[in-house]
Amino acid sequence: MSIATPNGFQLDNSGKRVVVDPITRIEGHLRIEVNVDENNIIRNAVSTGTMWRGLEVILRGRDPRDAWAFVQRICGVCTGTHALASIRSVENALGIEIPENANTIRNIMHLTLFAQDHLVHFYHLHALDWVDVVSALSADPKATSELAQSLSSWPMSSPGYFRDLQNRLKKFVESGQLGPFRNGYWGHPAYKLPPEANLMAVAHYLEALDFQKEIVKIQAIFGGRNPHPNWLVGGVPSPINLNDVGAVGAINMERLNMVGRIIDRTIEFIDQVYIPDLLAIASFYKDWASIGGGLSSKYLMSYGDLPKSANNYSPDNMMFPTGVIIDGNLNEVLPIDLMKEDEVQEFVNHSWYKYADEATGLHPLKGETVPNFDIGGAKGTRTAIEAVDEASKYSWVKAPRWKGHAMEVGPLARFVIGYVKGQEDIKALVDPVLAQLGVPVTALFSTLGRTAARGLECTWAAHKLKDEYNKLLANIKAGDINTANMANFEPSTWKKSAQGVGFVEAPRGALAHWIDIEDKKIKNYQCVVPTTWNASPRDPAGKIGAYEAALLDTPMHDPNLPLEILRTIHSFDPCLACATHVLDMEGNELTSVKVR
Amino acid sequence: MGRQETFYELIRRQGISRRNFLKFCSLSAASLGLAPHFAGKIAHAMETKPRVPVLWLHGLECTCCTESFIRSAHPLAKDVILSMVSLDYDDTIMAAAGHQAEQAIEDVMRDYKGQYILAVEGNPPLAEDGIFCIPGGKPFVDKLKHVAADAAAVIAWGSCASWGCVQAAKPNPTQATPIHKVIKNKPIVKVPGCPPIAEVMTGVITYYVTFGELPALDKQGRPLMFYSQRVHDKCYRRCHFDAGQFAETFDDRGSREGYCLYKVGCRGPTTYNACSTTRWNEGVSFPIASGHGCLGCSEPDFWDNGPFYERLQTFPQFGAEATANRIGATAAAVVGVGIAAHAGLTALRQAKVKPNSPAETDKRA
């Protein structure tokens, strides 16, 4: 049956149903089902989150200052983003201001994550969709060297280097124990890179695996470790002491030098390895600049982030742009108010929860989360689902909407919004790449565009990291070493009840936490996270979410080998542990709810 | 299936010289805290053993364990994955998806029955027949039991698999359950922490690959080599604790001078982990060194042992409140008490510890 969705897509579920579960190389658990027509073109797509942990239920009654540690465990991949949203929500609720150094150090921590997380996504979660590891075995190491040297001045590029690597790979493959490369889609006709490009990419896959652990040492310096560094309501936990008794145990000259050195190396690696690889690989896959667009040409949202100065979260003080694009109108970027009840709302009529009235959505501060694992007309049983029923409930992910619109969030949204707002630092990155690939600006609205925007954002973040580092040094030089404002840290200083919101642009997109504090304890806590937006199921109006929209009209070579599905889904960098966290705001006893 | 290739054959064929191979073995021995003559044993093990298949499953979790694992500097995660074990299933990094991914599990279970390692990140929720985690459309708990059935041994990565961790904090709405309550008949090594330290994770794997057996465990199933002492025991700020020098709040004079963080909530005195010695991110830091107290993330039920910024109320060996205050007043006298109390606890712990095989442990001591 063919139906038109209110947000402009055509769905037809009459063709062959294909189930891909698990979607691998993501965070968390995601299932994708599609229907393909007789030409193996995707005509219907269904996105199902397959886990729920209930973290926000667990937060109820706890100390608001501890919340960051709990919600940080929503996700260990984008580690820190939820913690940052949480401490901002508490500071917003209680009116706590932080020192300038704390704002800068938080920016450094956050940008460090962007650099590492985007790098790991490109090489370790996404590259194998484009790079054929087995093809690399037939590369000519000398030609590989010439290719690498034509693209970049990165020094690890000699014929001998690639020959050694190829030998290692060859013997690994010959051992018969293929480990993570077992059962891959090697030899699939959708792989287009020549063997030399494949060999170069495999070399950088391994180099990036070694290097990513260096980047996050910045988080370890300020936060004690990574993953899951430490944060603090009111500032940052690491004190600065350059020139006084006990400086060896604080952020001192040696620690700052280490940060500076890591930043320089990070910029080098991203600009000399990641970006050249991205452009080289993209040049072989230009057809993917017109596949997988989904919502991206019409509905994009960014909350904005990286305050230039402390305690001012207004759009003009943010390095990341703020705003919403709807109905494909790129001439107008609309403002966002996260506390307004009619803007961000969540729907559950296709999610495994129940509302009293499922035709309506609820603002996070009024949200409800009562599990309701009703699989409707799904094929199979509730403990062995063969195919979900998208006409009924089919996901642990809720359906968030902004003024009723399904939204795409993430690097592409940020870059397009920044671009159309005329943000110079973003235009300066986007324009040369479009020129180099010889594609129009509309090429951004695609699987390839999403992947390219992430790469550009990675270099953007690495250079901003340097700026923030210099800002920190300048402020210390000006005599300010404060890192925490403890004036309102003690609960005895708090008002009886307070509500707040903390928002962040996470690597995967717009993230916000809403908190309701009463009698010094958390009364209610709610997160609406990037992957909730992107992996969203349908809503009462029948609007489909970003993943589902992006998969439509994609031609598959062989529906049994889901490479094309992986390409588009991975271009969003899914994080399902994040997506499936919701809170019962009404104080219902979840443990006593009987799920039918 | 043909004869399996050994680790030694593999790295020789990768062009690594025997001399460098032996150097690697010495470094491995050192990183495991073993005497130099164990380098020979490691070399022998690697020359004769095939790569052990590892099936790494994810339940309810946040993937911080995988992220920590790839931070390992010695050995590099790359070398563990390519050369030490055969990581045949790990949905976070594997190339295949869907049917092709699930097939890898069945193939390894068939070809390496009783020989593979099951590594578990996260835990199964048992409420409502397990429907809060249904990768592949089926309850994760069933997949976990299925793969455990023919495993040689099981590694419980992190506090989720070991204790339950954050989703099992009160009121544990999904009934998230540590894996030892579901897998009853297999040896389980718990490697707790949220996440565990990278080199602790790869150290446990290297130990197994090298010696062909699990490391000595404490009564609760944790490797003695990394979890037998408290963060507090080896903390470099311990001298300030003993001298009664405390940070009273964040960013105060005491904090800037690196005083003890006990009064701002540090859980180091009750937390068994290697953070203060092995440290994090190739030794760059650990929480206390960067100014924040230890949250106690490798301890059972640490989430319900808050609020985190209040000083410990239940110091196991002496009255915390009283002692910390007395320390401030009469430091010298309290130092004596502290040492005596610590000695008493250490003796108690030693009495409780029951390694898997005392004889084996002695040989290695």
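Residues numbered from 1 in each chain as written. Chains lettered and ligands numbered in written order. Predicted model: local features only at pLDDT ≥ 70, side-chain atom pairs only at ≥ 80, totals over all residues.

## Description of the overall build of chain B
We count it as follows: Secondary structure counts use DSSP, requiring at least four H or I residues in a row for a helix and at least two E residues in a row for a strand, with both numbered from the N terminus. Counting other C-beta atoms within 10 Å of a residue's own tells you its class, since 20 or more makes it buried, 12 or fewer makes it exposed, and anything in between is partly exposed; those C-beta atoms are placed from the backbone. We call two residues in contact when the distance between their C-beta atoms, placed using the backbone, is within 7 Å.
Scanning chain B from terminus to terminus reveals 15 helices and five strands. Looking at chain B residue by residue over its 365 residues, the buried ones come to 56%. Of all intrachain contacts in chain B linking residues separated by at least 6 positions in sequence, the fraction that spans at least 24 positions is 71%.

## What to know about the packing of helix α5 (residues 141–151) of chain A against helix α6 (residues 159–174) of chain A
Residues and elements named next belong to chain A. This is how the line gets drawn: Axis lines are fitted through C-alpha atoms, for helices just across the contact stretch, and the angle between N-to-C directions can take any value from 0 to 180 degrees. Working definition: roughly parallel below 35 degrees, roughly antiparallel above 145 degrees, roughly perpendicular at 65 to 115 degrees, and oblique for all remaining angles. Crossing chirality is assigned from the near helix's rotation relative to the far helix, an anticlockwise turn below a right angle marking it left-handed and a clockwise turn marking it right-handed. For this classification, the nonpolar set comprises Ala, Val, Leu, Ile, Met, Phe, Trp, Tyr, Cys and Pro, the charged set comprises Asp, Glu, Lys and Arg, and every other residue, Gly included, is treated as polar.
One can describe the packing of α5 onto α6 by two numbers: an axis separation of 8 Å at closest approach and a directional angle of 125°. Considering their axes alone, α5 and α6 lie oblique with respect to each other. Pair α5 / α6 crosses with right-handed handedness. Seen from α5, the contacting residues are Pro141, Lys142, Thr144 and Ser145; seen from α6, they are Pro159, Phe162, Arg163 and Gln166. Classifying every residue of the contact of α5 with α6 gives three nonpolar, three polar and two charged.

## Some remarks on the interface of chain A and chain B
Every contact between the two is made by 90 residues of chain A and, on the other side, 82 residues of chain B. Contributing elements (two or more residues each) for the side of chain A that touches chain B: α1 (55–59), α2 (67–72), α6, α7 (195–215), α8 (217–223) and β12 (384–387) of chain A.

## As for the domain arrangement of chain B
Residue and element names in this part refer to chain B. Here is the rule: All the domain ranges listed were derived from an automatic or database domain assignment.
The domains assigned to chain B are domain 1 (51–227) and domain 2 (231–352). If you look at the interface, domain 1 gives 16 residues, while domain 2 gives 15 residues. Residue assignment for the side of domain 1 that touches domain 2 shows that the elements contributing at least two residues are α9 (198–211) and α10 (224–227). Residue composition of the side of domain 1 that touches domain 2, by class: 10 nonpolar, two polar and four charged.

## Some thoughts on the environment of Ser157 of chain A
All names here are of chain A. Inspection of the secondary structure puts Ser157 in the loop between α5 and α6. Spatially, the C-alpha atom of Ser157 lies 8.6 Å from that of Met200, the residues being 43 residues apart in sequence. Beyond its immediate sequence surroundings of up to four residues, Ser157 is in contact with Ser145, Ala148 and Gln149.

## Focus: the sheet that holds strand β16 (residues 521–528) of chain A
Residues and elements named next belong to chain A. Going by this rule: Paired strands, as defined in this entry, are two strands with at least two bridges between them according to DSSP.
The three strands lie next to each other as β14-β15-β16, forming an open sheet whose pairing is antiparallel. Both edges of this open sheet fall to β14 (497–506) and β16, since each of them pairs with a single strand only. When the angles between neighbouring strand axes are averaged without regard to direction, this sheet yields 15°. Relative to strand β15 (residues 509–518), β14 is paired through 10 bridges, and the arrangement is antiparallel. By the bridge assignment, Phe503 is partnered in β15 with Ala512. Against the sheet, helix α3 (residues 81–94) touches β14, β15 and β16, its axis set at about 145° to β14.

## Regarding the nonpolar core
Rule in force here: As used here, a nonpolar core is made of buried Ala, Val, Leu, Ile, Met, Phe, Trp, Tyr and Cys residues. They are joined through C-beta atoms within 7 Å.
Of all hydrophobic cores here, the largest spans 288 residues; its most connected members are Ala115 of chain A together with Leu118, Val120, Val154, Ile155 and Ala156 of chain B. In terms of residue count, the dominant contributor to this core is helix α4 (residues 100–126) of chain A (13 residues). Here this core spans two domains, since at least three of its residues come from each of domain 1 (51–227) and domain 2 (231–352) of chain B. Those residues in contact with Ala115 of chain A, other than ones at most four positions away along the chain, are Ile215, Thr266, Ile270, Cys458, Ala461, Ala462 and Leu465 of chain A.

## Concerning the packing of α5 of chain A against α7 of chain A
Residues and elements named next belong to chain A. As a packed pair, α5 and α7 sit with axes 9 Å apart at the nearest point and diverge in direction by 70°. Taken together, the axes of α5 and α7 are roughly perpendicular relative to one another. Of the residues in α7, those touching α5 at Ala143, Thr144, Leu147 and Ala148 are Glu196, Ala197, Leu199 and Met200. In the contact of α5 with α7, the residues fall into six nonpolar, one polar and one charged.

## Quick look at the sheet that holds strand β5 (residues 42–49) of chain A
Residues and elements named next belong to chain A. Strands sit in the order β3-β4-β5 across an open sheet of three strands; the sheet is antiparallel. Looking at strand neighbours, the two that pair on one side only are β3 (16–20) and β5, the edges of this open sheet. Between one strand axis and the next, the sheet turns through 15° on average, direction left out of account. Bridge analysis of strand β4 (residues 30–36) against β5 gives seven bridges, and the strand direction is antiparallel. Bridging across to β5, Ile32 finds its partner in Ser47.

## Brief notes about unusual backbone geometry
With an omega dihedral of 0°, the bond running from Asn226 of chain A to Pro227 of chain A counts as a cis peptide bond. Structurally, the position occupied by Pro227 of chain A is in the loop between α8 and α9 (253–283). For the bond running from Cys194 of chain B to Pro195 of chain B, omega is -5°, close enough to zero to count as cis. Phi at Asp553 of chain A takes a positive value of approximately 70°, unusual for a residue other than glycine. Along the chain, Asp553 of chain A turns up in the loop between α14 (546–551) and α15 (563–570). Judged by C-beta crowding, with 17 C-beta atoms within 10 Å, Asp553 of chain A ranks as partly exposed. The phi torsion at Asp129 of chain B lies on the positive side, around 60°, for a residue other than glycine. The topology assignment puts Asp129 of chain B in the loop between β3 (117–121) and α7 (140–148). Here Asp129 of chain B falls in the partly exposed class, since 16 other C-beta atoms lie within 10 Å of it.

## Considerations on the confidence of the model for chain B
Residue and element names in this part refer to chain B. Heads up, the rule is: Confidence scores per residue from the predictor, reported as pLDDT, run from 0 to 100.
When pLDDT is averaged along chain B, the result is 83, and 73% of the positions lie at 70 or above. Under a pLDDT of 50 for its full length, residues 316–365 has, in the predicted model, 39 contacts with residues more than four places off or in other chains. Both scores are available for the predicted complex, with the pTM at 0.90 and the ipTM at 0.95.

## Topic: the environment of Ala220 of chain A
Note that Ala220 of chain A resides in helix α8. With 27 C-beta atoms packed within 10 Å, Ala220 of chain A lands in the buried category. When the C-alpha atoms of Ala220 of chain A and Ile26 of chain A are compared, they prove to be 24 Å apart, with 194 residues separating the residues in sequence. For Ala220 of chain A, the contacting residues outside a window of four places in its chain are Arg225, Asn226 and Pro229 of chain A together with Trp280, Asn281, Val284 and Ser285 of chain B.

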